Amino acid sequence: MEHSHNTHDSHAHAPEPYKYAAHHSEEEGKKTRRMIWNMFWVLLAITTVEVTLGLFWRKLEISWAAVKMTFIILTVAKAYFIVAYYMHLKHERKALKNTIIIPFVLFALYLLYHIFTEGVYSEMMDKWFF
Amino acid sequence: MSNTATMDSKTAWGGNNESPYGASYGKLMMWFFLISDALSFTGFLSAYGFYRHYYGSLWPSAENVFTHFPFMHGNHPLLYVALMTFILIMSSVTMVLAVEAGHRMDKKGVTIWLGWTLLGGAIFLGSQAWEWYHFIHGTELGAIELGRGTFALPNGTVEHTYGVIARWADDSKQVLLLPWREIAGDITSPYIQLTGQALTEAVANGKEIYGANLTHNEYGHPLFGDFFFFITGFHGTHVFSGVVINFIVFINVIMGTYQKRGYYEMVEKVGLYWHFVDLVWVFVFTFFYLV
């Protein structure tokens, strides 16, 4: 974490900045902005690929299963870029990263596991209804 | 107790009043809230995925449902939702630029970028309302919701027709397309074409429906409508509250609250929420509109 405080006159009389509040200099800002716009192009490119694939996959003679897997992989990639860079998680402490990622991934997998295994009961329900 | 007397804020919890996460309380709690919220959406979307595959071709394909584009006639599948996605990603970019400006104590920068974020959020909400309007309103052609009965598949098995949505092949209303549940995930599964006597019977026993609500859906299985209203509605509620919170922070930025405070961490916190809303949409876009 960067704790370098800048020296704007505008808040010279302000109280000492909170120690967890991040500040950065003009040059660091420039670098951050470059990263933000680079990420924007990455996200835009992924979305464009997804939409193009969604519209033209039949003409490309790829199997639907392959297209679906591509969508899921691209989506997870997009999610990674948003969380890591825009939500700044990549540059947080390891303890914070683990606290956020591990419980979510575990619970999400648990949920998916139950949906795929217990899902067989829907077939039975269907027979009871008709 | 003697312990409590020595327990001041500096030595609280034996951590010397330091966060092991190197993050403030507010930011940490925002992250924890987002995890639980993310799990809600995981639940919705995995339930959606299950039924989408379970019902096979009874499930409408989103590219046949969302085909409108404002001020343009004809068939434009996915185009409008792609634009909405772009707008939301763009507002995420302006939000992270506002956070960056806040780190430099650049009040003007924060105001401008947060303003663009508000605009992006408002446009997205309007787009969603427009999308809902078209989904509820439906097409002029409508569809036939079949009544009780059975039909034989080419392989000899007998399927029930009750509640199945048969769509017209074209504007002439001479051919009805009757879908049946195919192998999970096969969206290219065939239809039975109803013509002549079978068509007349199907129309007489069934009922014409236009558009969608919670119990009927002219595009296919009614659960599709339920999931659509519920998931995009829940996401839209998040966008709406995000816009409201962003607006409050925007007013504070203009009034110089954070400038006086010496840091713009509040922008960072609402930024986290706003990126999360964008993140959820990335998944909704894939699982609802693409897959």
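Parameters and conventions
Sequence order as written defines the numbering, with residues in each chain counted from 1. Written order decides the labels, with chains lettered from A and ligands numbered from 1. With the structure being a predicted model, the display of local features is reserved for residues of pLDDT at least 70 and the display and counting of side-chain atom pairs for 80 or more, all residues being used for whole-chain, interface and lining totals. For the side-chain quantities, the full set of heavy atoms in the structure was used; hydrogens and water were omitted. We count a stretch as a helix when DSSP gives it H or I for four or more residues in a row; a strand needs E for two or more, and each element gets its number in order from the N terminus. Exposure classes here rest on a 1.4 Å probe applied to the protein chains alone. A residue is buried below 20% of its type maximum, exposed above 50%, and partly exposed in between. The contact definition used throughout considers only heavy atoms, calling two residues in contact when any of these lie within 4.5 Å. Every accessible area reported is derived by Shrake-Rupley at a probe size of 1.4 Å, with residue values counting cover from the shown protein chains alone. The term buried area refers to how much accessible surface (probe radius 1.4 Å) is lost by two components on association, counted for both of them together. Basic side-chain nitrogens of Lys or Arg form a salt bridge, by our definition, when they fall within 4 Å of a carboxyl oxygen of Asp or Glu. Whenever two N or O atoms come within 3.5 Å, that pair is a polar contact, provided that in protein one can donate a hydrogen and the other can accept it, and provided that, for residues adjacent in sequence, both atoms are side-chain atoms. Lines fitted to C-alpha atoms define the axes, with helix axes restricted to the stretch in contact, and inter-axis angles between N-to-C directions lie between 0 and 180 degrees. Should an angle fall under 35 degrees it is taken as roughly parallel, and over 145 as roughly antiparallel, whereas 65 to 115 is taken as roughly perpendicular and any remaining angle as oblique. Less than a right angle of anticlockwise turn of the near helix away from the far helix marks a crossing as left-handed, whereas a clockwise turn marks it as right-handed. pLDDT: the predictor's confidence for each residue, scored from 0 to 100. Only protein atoms enter the calculation, which uses a 1 Å grid: trapped sets of points that fit a 1.4 Å probe without letting it out are cavities, open sets showing protein on both sides within 12 Å along at least five of seven lines are pockets, and any residue with an atom within 4 Å of a point is a lining residue. Grid points are joined across faces, edges and corners, and a volume is the space filled by probe spheres set on the points. Here the term charged refers only to Asp, Glu, Lys and Arg, the term nonpolar to Ala, Val, Leu, Ile, Met, Phe, Trp, Tyr, Cys and Pro, and the term polar to all other amino acids, Gly among them. The split into domains, and so the bounds of each, comes from an automatic or database assignment of domains. Think of it this way: a Phe, Tyr or Trp ring, Trp meaning its six-membered ring, pairs with another when their centres are within 6.5 Å, and the plane angle makes it stacked under 30 degrees, edge-to-face over 60, tilted otherwise. By definition, being over a ring means that NZ of Lys or CZ of Arg is both within 6 Å of the ring centre and within 35 degrees of the ring normal. How far a helix is expected to stretch is found by multiplying one less than its residue total by 1.5 Å. Pairing between two strands requires that DSSP report at least two bridges joining them. Definition used in this section: a nonpolar core is a set of buried Ala, Val, Leu, Ile, Met, Phe, Trp, Tyr and Cys residues joined via side-chain atoms within 4.5 Å.

Comments concerning the overall build of chain A
The helix and strand tally for chain A stands at four helices and zero strands. Beginning at the N terminus, the succession of helices and strands in chain A can be written as α-α-α-α. Here chain A, with 130 residues, has 34% of them falling under the buried criterion. Nonlocal contacts in chain A, meaning residues at least 24 apart in sequence, comprise 44% of its contacts between residues at least 6 apart. Total accessible area on chain A is roughly 8500 Å²; 68% of this is exposed by carbon and sulfur atoms.

A short note on the interface of chain A and chain B
Between chain A and chain B, the contact holds 61 residues from the first and 64 residues from the second. Roughly 5800 Å² is buried in total at the junction of chain A and chain B, and carbon and sulfur atoms are behind 71% of that figure. The interface formed by chain A and chain B includes three salt bridges. Measuring nitrogen to oxygen at the nearest pair gives 3.2 Å for the salt bridge that ties Glu92 of chain A to Lys27 of chain B. Between the two partners, chain A and chain B, sit nine residue pairs in polar contact (both at pLDDT 80 or more). Elements with a contribution of two residues or more to the side of chain A that touches chain B: α1 (26-56), α2 (64-86), α3 (94-118) and α4 (120-129) of chain A.

Topic: the packing of helix α5 (residues 107-137) of chain B against helix α9 (residues 265-290) of chain B
Angle between the axes and distance between the axes: these two values describe a pair of packed helices. Residue and element names in this part refer to chain B. As a packed pair, α5 and α9 sit with axes 13 Å apart at the nearest point and diverge in direction by 30°. Between α5 and α9, the angle is such that the two are roughly parallel. Between α5 and α9 lies a crossing of left-handed hand. In this structure, α5 uses Val110, Thr117, Gly121, Phe124, Gln128 and Glu131 to contact α9, whose residues at the interface are Val267, Trp274, Trp281 and Tyr289.

Section: the confidence of the model for chain B
All names here are of chain B. Averaged over chain B, the pLDDT score is 86; the fraction of residues at 70 or greater is 90%. The low-confidence segment residues 1-7 (pLDDT under 50) makes three contacts with residues lying over four places distant or belonging to another chain. Among the prediction metrics, the complex's ipTM stands at 0.84, with pTM recorded as 0.86.

A closer look at the layout of surface pockets
When its volume is computed, the largest pocket comes out at roughly 1200 Å³. Taken together, 39 residues line the largest pocket, and the ones lying closest to its centre are Val76, Phe104 and Ala108 of chain A together with Thr42 and Phe283 of chain B. Sorting the residues of the lining of the largest pocket by element identifies α2 and α3 of chain A together with α2 (25-54) and α9 of chain B as the ones contributing at least two each. Broken down by element, the residue count for the lining of the largest pocket peaks at 13 residues, all from α2 of chain B. Considered as a void within the structure, the second largest pocket measures approximately 1000 Å³ in volume. For the second largest pocket, the lining is made up of 37 residues, of which Asn64, Val65, Thr139, Arg167 and Tyr219 of chain B are closest to its centre. Secondary-structure elements contributing two or more residues to the lining of the second largest pocket are α3 (62-65), β4 (165-168) and β5 (176-179) of chain B. Classifying every residue of the lining of the second largest pocket gives 14 nonpolar, 16 polar and seven charged. Composition of the lining of the second largest pocket by domain shows at least three residues from each of domain 1 (25-139 + 224-290) and domain 2 (143-209) of chain B.

Concerning the packing of aromatic side chains
Residue and element names in this part refer to chain B. All told, the structure shown has 43 aromatic pairs over all chains when counted by the stated rule. Their ring planes at 65° and their centres at 5.8 Å tell us that Phe228 and Phe229 sit as a pair that is edge-to-face. Neither Phe228 nor Phe229 differs from the other in exposure class; each is buried. Looking at Arg148, its charged tip hangs above the ring of Tyr162, at a distance of 4.2 Å from the centre.

Things to note about α9 of chain B
Between its first and last C-alpha atoms α9 of chain B spans 36 Å; for 26 residues at 1.5 Å apiece the expected length is 38 Å, and the two agree. In terms of burial, α9 of chain B is largely enclosed, as 23 of its 26 residues are buried.

Topic: the sheet that holds strand β6 (residues 191-194) of chain B
All names here are of chain B. Spatially, the five strands line up as an open sheet ordered β6-β5-β4-β1-β7, and their pairing is antiparallel. Both edges of this open sheet fall to β6 and β7 (207-209), since each of them pairs with a single strand only. Strand after strand, the sheet turns through a mean of 35° between neighbouring axes, direction not considered. Judged from the three bridges that link them, strand β1 (residues 143-145) and β7 form a sheet pairing that is antiparallel. Bridge pairing in β7 links Ile144 to Glu208.

A few points about the nonpolar core
Formed by 106 residues in total, the largest nonpolar core has its most connected members in Tyr86 of chain A together with Phe135, Trp281, Phe288 and Tyr289 of chain B. Sort the elements by how many residues they give to this core and α9 of chain B lands first, with 16 residues. Inspection of this core shows a minimum of three residues originating in each of domain 1 (25-139 + 224-290) and domain 2 (143-209) of chain B. Non-local contacts of Tyr289 of chain B, meaning those with residues more than four positions away in its chain, are made with Ala62, Phe66, Leu78, Val81, Glu131, Phe228, Thr232, Trp281 and Val284 of chain B.

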